[in-house]
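Letter by letter, the chains look like this.
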Amino acid sequence: MSFPYGSAAPPAGQVSSSDNALPVEYMFSQIMSAVQKSQAEISDLRQECADLRLANTSLERQIREGFHQNGNGNYYAGSRMGSGFVTPMPGSPQLRAKSPFLSPHSIPSLAAAPTSHFASPLGDNAVMPFQLGVRDIPGFYVVIPAGGAGTRLWPLSREEHPKFLLDLTLKGRSLIQATWDRLLPLSSPLRTTVVAGPGHVKSIREQLPDLLPHNLICEPGPKDSMAAIGLAAAVLAKRDPNAVIGSFAADHMISGDDAFLSAVAEAVEVAKKDYLVTIGIAPSHPSTGFGYIRLGNKLGVKEAPNARLVSSFKEKPDARTAAAYIGTGNYRWNAGMFVTKATVLLDLLKDYKPELHDGLQKIAAVWHDEALRQTALNEIWPELEKIPIDNAVAEPAAAEGKVAVVPATFGWDDVGDFSSLADLLPAESNQPRVLGDSSLVLTEQVAGGIVVPGSGRLITCLGVDDLVIVDMPDTLLVTTRARSQEVKRLVKKCRDVGWKQLL
């Protein structure tokens with residue numbers, strides 16, 4: 001036993017309870033001091049680990065690619081057949097962009113200040129001049145359907161400039177660019193296809209300079225996901241009859257790239273067994289905005305140990321039903337990701353929607369002859385059924401035991417409204433999120449909500465909570481987070497009363 005400095009130990013055999021009080025108190029204080037010091041050290045270590053994880057994630061993404069150095073000494077992505085990072089890189093994450101628009105001319109009279117980025121070796125997009133092995137999956141083709149107007153994000157998202165073309169994290173990459181970056185290690189530009197409407201082709205080519213011209217499939221008009229994915233499958237099956245395709249929406253946000261790529265790799269292995277495979281997202285809350293997948297029995301595929309049969313697909317439930325789903329542990333969110341052989345998808349389509357199948361096959365048969373292709377599109381496309389892939393093939397095939405699911409652990413959000421967008425943005429405690437230049441937003445006694453200062457005007461808020469304020473040069477939207485799912489009703493009303501030019 002030790003004693004405080006300057007005190008003497010009592011003679012042996014003469015230690016009383018009162019004499020022992022001071023050393024015990026001292027020992028206790030010393031223990032508490034050591035505990036507090038340990039807690040501080042643990043906190044510091046946790047922060048260091050978090051910083052290292054962020055740095056490692058950045059490095060893993062960057063060093064998969066090849067790079068060259070430009071005249072200013074900054075490294076940018078290399079070959080035309082390379083990484084897809086030809087778009088100039090943003091710098092340090094501390095220097096956040098001041099506008100979600102990568103092409104400001106796309107929005108009428110956009111008054112937002114231009115953005116300047118400065119290269120930082122510690123930034124999310126810092127570039128390293130060396131390579132690491134890729135995770136290429138031979139015979140795997142990525143299909144990115146880039147459709148929809150994102151009406152629940154209006155007036156930020158417009159028909160001519162939908163949400164997949166926007167940088168909704170202010171990190172310098174749009175949603176479609178982030179999707180491209182995420183999937184490229186599995187397929188390379190040679191096997192990455194985008195399906196889009198004619199109004200978006202120019203912007204997609206600008207944002208994805210490594211996208212090969214013959215891998216950009218232009219659909220004449222919106223026909224929902226089955227026609228878009230089915231056309232890509234039919235064209236790719238002509239090029240490679242053994243192709244395994246994976247369809248991933250252009251406008252979703254994903255965190256945890258390694259977990260995502262691992263789930264896709266498992267799905268490919270199951271797809272080789274002639275299943276239509278979807279990826280099920282672990283639900284973080286009882287959402288009423290997503291469809292659900294009920295898990296069935298394990299498949300027992302050695303290369304995909306997590307894979308299971310899909311028992312059934314469930315439409316978007318009410319809150320009580322969603323909570324019941326999560327309580328069982330047997331449900332996953334349906335993110336609309338599908339992996340399968342191109343020929344298997346076409347066979348399912350032939351079984352359940354033969355007219356749609358026949359029309360797509362006729363178009364694919366002449367796809368590589370531009371004149372015949374345009375004639376076929378003009379004659380056939382307008383008559384094709386407009387239906388989602390879930391309703392067309394996934395649900396009936398699941399009832400026959402032909403659909404599998406790979407339960408996944410990565411973070412996912414379809415950014416379906418301003419409320420979900422707000423959850424993805426950083427903010428100070430009890431302050432609204434700001435998508436854009438935060439110096440244009442002043443608040444007093446305001447909690448929650450999201451503000452988009454897109455016009456360049458100062459926005460001030462006093463004593464209002466959980467508001468959605470989207471201030472564009474030509475339109476102002478004010479609603480609440482609770483009703484952000486209903487914004488599409490305003491879009492319909494604008495169209496009905498003659499404000500189509502703002503949509």
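Below is a short write-up of the structure.

### What about helix α8 (residues 354–365)?
- Helix length check: α8, at 12 residues, gives a terminal C-alpha distance of 16 Å against a target of 16 Å (1.5 Å per residue), a fit within 8%.
- Taken together, the buried positions of α8 are occupied by L356, H357, G359, L360, I363 and A364. Taken end-on, α8 shows its buried residues confined to a sector of 165 degrees, consistent with a single buried face. Opposite the buried face of α8, at more than 90 degrees from it, the exposed residues are E355, K362 and A365.
- Buried residues belonging to α8 abut α4 (224–239), α7 (342–352) and α9 (370–380).

### Here's the deal with the nonpolar core
- The biggest cluster of nonpolar side chains holds 52 residues, and the ones touching the most others in it are F140, V194, I204, F248, I279 and F410.
- For this core, the element with the highest residue contribution is helix α5 (residues 257–271), accounting for eight residues.
- Every residue in contact with F140, bar those within four places of it in the chain, is listed here: L186, S187, R191, V244, I245, G246, F248, V264, V268 and V339.
- Core analysis: the second largest hydrophobic core is formed by 48 residues, I229, A342, V393 and V403 among them.

### With respect to the packing of helix α2 (residues 175–187) against α5
- For the pair α2 and α5, the least separation of the axes is 11 Å and the interaxial angle reads 45 degrees. As far as their axial angle goes, α5 and α2 are oblique. Crossing of α2 over α5 shows right-handed handedness. In this structure, α2 uses R182, L183 and L186 to contact α5, whose residues at the interface are D257, F260, L261 and V264.

### Remarks on the sheet that holds strand β16 (residues 450–453)
- Within the open sheet, the four strands sit side by side as β14-β16-β18-β19. Their pairing is mixed. Every interior strand has two partners, whereas the edge strands, β14 (433–434) and β19 (476–480), have only one.
- Looking at chain direction, strand β18 (residues 467–471) and β19 are connected through five bridges and run antiparallel. Its bridge partner being in β19, V468 is matched across the sheet by T479.

### Quick word on the packing of α4 against α8
- For the pair α4 and α8, interaxial distance at closest approach is 9 Å and the crossing angle is 45 degrees. Taken together, the axes of α4 and α8 lie oblique to each other. By crossing handedness, the relation of α4 to α8 is classed as right-handed. Contacts from M226, A227, G230, L231, A234, V235 and K238 of α4 reach α8 at L356, L360, Q361, I363, A364 and A365.
- Considering only residue class, the contact of α4 with α8 consists of 10 nonpolar, two polar and one charged.

### Overview of unusual backbone geometry
- Residue P155 is bonded to the preceding W154 through a cis peptide linkage, with omega at 5 degrees.
- Mapped onto the secondary structure, P155 falls in the loop between β3 (140–146) and α2.
- We note that S188 has phi near 70 degrees; this positive angle belongs to a residue other than glycine.
- By secondary structure assignment, the location of S188 is in the loop between α2 and β4 (192–196).
- In this model, D224 sits at a positive phi of 70 degrees, which is unusual for a non-glycine residue.
- Residue placement: D224 occurs in helix α4.
- A residue is classified by how much of its surface remains accessible, and D224, at 35% relative accessible area, is partly exposed.

### Considering the environment of S247
- The topology assignment puts S247 in strand β6 (residues 244–247).
- Taking the relative accessible area as the measure of exposure, S247 reaches 3% and is therefore buried.
- Leaving out residues up to four positions away in the same chain, S247 has contacts with V143, P145, I229, G336, M337 and F338.

### Some thoughts on the pairing of β4
- Within β4, five of the five residues are buried, which leaves it mostly tucked inside the rest of the structure.
- Where burial is concerned, the two faces of β4 agree: the one with T192, V194 and A196 and the one with T193 and V195 are both buried.
- Sheet analysis places β3 next to β4, joined by five bridges and oriented parallel. Each residue of the ladder has a partner; that of V143, found in β4, is T193.
- The β-α-β motif built from β3, the intervening α2 and the parallel element β4 has right-handed crossover chirality.
- Bridge count for β4 against strand β5 (residues 216–218) is three bridges, and the pairing is parallel. The residue of β5 that forms the bridge with V194 is L216.
- Once you follow β4 into helix α3 (residues 201–207) and on to β5, the crossover reads as right-handed.

Cut-offs and rules
Residues numbered from 1 in each chain as written. Predicted model: local features only at pLDDT ≥ 70, side-chain atom pairs only at ≥ 80, totals over all residues. Heavy atoms only, no water. Helix = DSSP H or I, 4+ residues; strand = E, 2+ residues; numbered from the N terminus. Expected span 1.5 Å × (residues − 1). Buried < 20%, exposed > 50% of the residue type's maximum accessible area, 1.4 Å probe, protein only. Arc of directions from axis to C-beta. Contact = heavy atoms within 4.5 Å. Core = buried A, V, L, I, M, F, W, Y, C linked by side-chain atoms within 4.5 Å. Axes fitted to C-alpha atoms, helices over the stretch in contact; angles between N-to-C directions. Parallel < 35°, antiparallel > 145°, perpendicular 65-115°, else oblique. Left-handed = near helix turned anticlockwise from the far one by under 90°. Pairing = 2+ DSSP bridges. Nonpolar A, V, L, I, M, F, W, Y, C, P; charged D, E, K, R; others polar. Right-handed = clockwise from strand over helix to strand, strands pointing away.

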